[in-house]
Number of protein chains: 2
Amino acid sequence: MFKQVLIALAGTVVLAGAAQAQQRPEQAIKYRKSVMTLMGSHFGRLGAMAQGRIPFDAAVAADNAQLVAMLAKLPFNSFGPGTDKGLPHRAKPEVWTETAKFKEAADAFQAEAPKLEAAAKTGNLDQFKAAFGAVGKTCKACHDTFQAEKDN
Amino acid sequence: MFKQVLIALAGTVVLAGAAQAQQRPEQAIKYRKSVMTLMGSHFGRLGAMAQGRIPFDAAVAADNAQLVAMLAKLPFNSFGPGTDKGLPHRAKPEVWTETAKFKEAADAFQAEAPKLEAAAKTGNLDQFKAAFGAVGKTCKACHDTFQAEKDN
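Peer 1: Help me get a handle on the overall build of chain A, residues and values and all.
Peer 2: When you go through chain A residue by residue, the secondary structure sums to seven helices and zero strands. Across chain A, helices and strands are ordered from the amino to the carboxyl terminus as α-α-α-α-α-α-α. Of all 152 residues assigned to chain A, the portion counted as buried reaches 45%. Long-range contacts, defined as pairs at least 24 residues apart, comprise 78% of the intrachain contacts of chain A with a sequence gap of at least 6. Split by element, the accessible area of chain A, about 7,400 Å² in all, is 58% carbon and sulfur.

The structure is reproduced here in structure tokens:
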């Protein structure tokens, strides 16, 4: 089952190659946490624009959204079997028990993220806000089910 | 002096905007360490191809090199004043005392990284190896001077 999920993910994620499958659990956890840190930082800047806390700059937004779209491809192969332990992290056990649902949540995020880049490039703030909201919903949906409040 | 360096860097780094200047030291350290973790992972995969440990695949190499080139834009604004303390990290004090030299090292890396992406896209292994070596030299030059062996 895990293997099927990993193969299914691998098909869409050229960046996450064989090297990752051979990672030690600590490496995989450190890797995916790093992705999430960067994602949070750059998605946060997009949020600041979407919510009007800083002015909307289409070029800056597009750059940040492009990075978010690239980062979106990276973390999900790093939740393989055995990577529930090794370093403190916030992934709930459901990641490893509800793999089909987890994959669905990851797919939803990966489908929306590139649309935010496209929306930013239009320079239209309303389109950007709508796309930001759609991506944010997929973040929240996954975190609500699969992310713990604190390290476990 | 720091401000000048930050402004000089900011000119080339659209992704690292005002938000970063307002980061707390712990956030800045966590951010730049996350960038380095991903850089190491994906540059490592390119190294495995350059050194013949895994087969050279131009498409995979180009994807990884594109990511490395994007990541190369990110960390250097996160070494601002006051970010030498807050979390364990491996940046030497020289980062904050030899700022011009540090900027030079960062510039060298940022100049070479995009060339690796271009070389990977040619599909020519020799060109790829040469470009990989050139980037690796800029990594090593910076690490030799500015990175400690262990967390400080």
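Here the narrative resumes.
Peer 1: Requested: an account of the pattern of salt bridges, with residues and values cited.
Peer 2: Opposite charge on two side chains makes pairing possible when the charged atoms of those side chains draw close. With the rule as written, the count across this model stands at 14 salt bridges over all chains. For Asp 84 of chain A, the salt bridge goes to Lys 85 of chain A, with nearest N and O atoms at 3.9 Å. Using a relative accessible area of 34% as the deciding quantity, one classes Asp 84 of chain A as partly exposed. Linking Asp 107 of chain B and Lys 103 of chain B is a salt bridge whose minimum nitrogen-to-oxygen distance equals 2.6 Å. Of the two residues, Asp 107 of chain B and Lys 103 of chain B both sit in helix H6 (residues 99-122), four residues apart, roughly one turn of that helix. Judged by its relative accessible area of 21%, Lys 103 of chain B is partly exposed.

Peer 1: Any details on the confidence of the model for chain A? Residues and values, ideally.
Peer 2: Keep in mind that low pLDDT regions are not for reading the predicted coordinates in detail. In this model, chain A carries an average pLDDT of 89, and 86% of its residues clear a pLDDT of 70 or more. The model gives residues 1-13 of chain A a pLDDT under 50, and that stretch makes 16 contacts with residues more than four places away or in other chains.

Peer 1: Now, about the nonpolar core: what can you tell me, with residues and values included?
Peer 2: Looking at soluble globular proteins, one finds that nonpolar side chains tend to be buried together. Leu 46 and Leu 116 of chain A together with Leu 46 and Leu 116 of chain B are the most contacted members of the largest nonpolar core, which has 75 residues in total. At nine residues, helix H4 (residues 58-72) of chain A tops the list of elements feeding residues into this core.

Peer 1: Summarise the state of the cysteines; cite the residues concerned and give the values.
Peer 2: All names here are of chain B. Counting across every chain of the model gives zero disulfides over all chains. Unpaired in terms of disulfides, Cys 139 finds its nearest cysteine sulfur in Cys 142, a separation of 8.6 Å. Accessibility expressed as a relative area gives 18% for Cys 139, which makes it buried. Here Cys 142 falls in the buried class, since its relative accessible area comes to 11%.

Peer 1: Would you mind going over the packing of H4 of chain A against helix H6 (residues 99-122) of chain A in detail, with residue names and values included?
Peer 2: All names here are of chain A. Two elements in contact, H4 and H6, have axes whose closest approach is 8 Å; the angle formed by their N-to-C orientations is 165°. Classified by the interaxial angle, the pair formed by H4 and H6 is roughly antiparallel. For the pair H4 and H6, the crossing hand works out as left-handed. Within the contact between the two elements, H4 uses Ala 58, Ala 61, Ala 62, Ala 65, Gln 66, Ala 69 and Ala 72 and H6 uses Phe 109, Gln 110, Ala 113, Pro 114, Leu 116, Glu 117, Ala 120 and Lys 121.

Peer 1: Could you give an account of helix H7 (residues 125-146) of chain A, with specific residues and numbers?
Peer 2: Along an α-helix, a turn takes 3.6 residues, which lines up residues three or four apart on a common side. Residues and elements named next belong to chain A. When the terminal C-alpha atoms of H7 are compared, their 31 Å separation across 22 residues agrees well with the 32 Å that a helix rising 1.5 Å per residue should span. If you check which residues of H7 are buried, you get Phe 128, Ala 131, Phe 132, Val 135, Gly 136, Thr 138, Cys 139, Cys 142 and Phe 146. Buried residues of H7, viewed axially, fall in a sector of 155°; they line one side. Summarising the geometry of H7, the exposed residues directed more than 90 degrees from the buried face are Asp 126, Ala 130, Lys 137 and Lys 140. At the N-terminal end of H7, a side-chain oxygen is found 2.9 Å from the backbone nitrogen of Asp 126, two or three residues along, and the residue is Asn 124.

Reading guide: rules and limits
Residues numbered from 1 in each chain as written. Chains lettered and ligands numbered in written order. Predicted model: local features only at pLDDT ≥ 70, side-chain atom pairs only at ≥ 80, totals over all residues. Heavy atoms only, no water. Helix = DSSP H or I, 4+ residues; strand = E, 2+ residues; numbered from the N terminus. Buried < 20%, exposed > 50% of the residue type's maximum accessible area, 1.4 Å probe, protein only. Contact = heavy atoms within 4.5 Å. Areas by Shrake-Rupley, 256 points an atom, 1.4 Å probe, with all protein chains shown as cover. Salt bridge = Lys/Arg side-chain N within 4 Å of Asp/Glu carboxyl O. pLDDT = per-residue confidence, 0-100. Core = buried A, V, L, I, M, F, W, Y, C linked by side-chain atoms within 4.5 Å. Disulfide = S-S within 2.5 Å. Axes fitted to C-alpha atoms, helices over the stretch in contact; angles between N-to-C directions. Parallel < 35°, antiparallel > 145°, perpendicular 65-115°, else oblique. Left-handed = near helix turned anticlockwise from the far one by under 90°. Expected span 1.5 Å × (residues − 1). Arc of directions from axis to C-beta. Polar contact = N/O pair within 3.5 Å; in protein donor to acceptor, adjacent residues only side chain to side chain.

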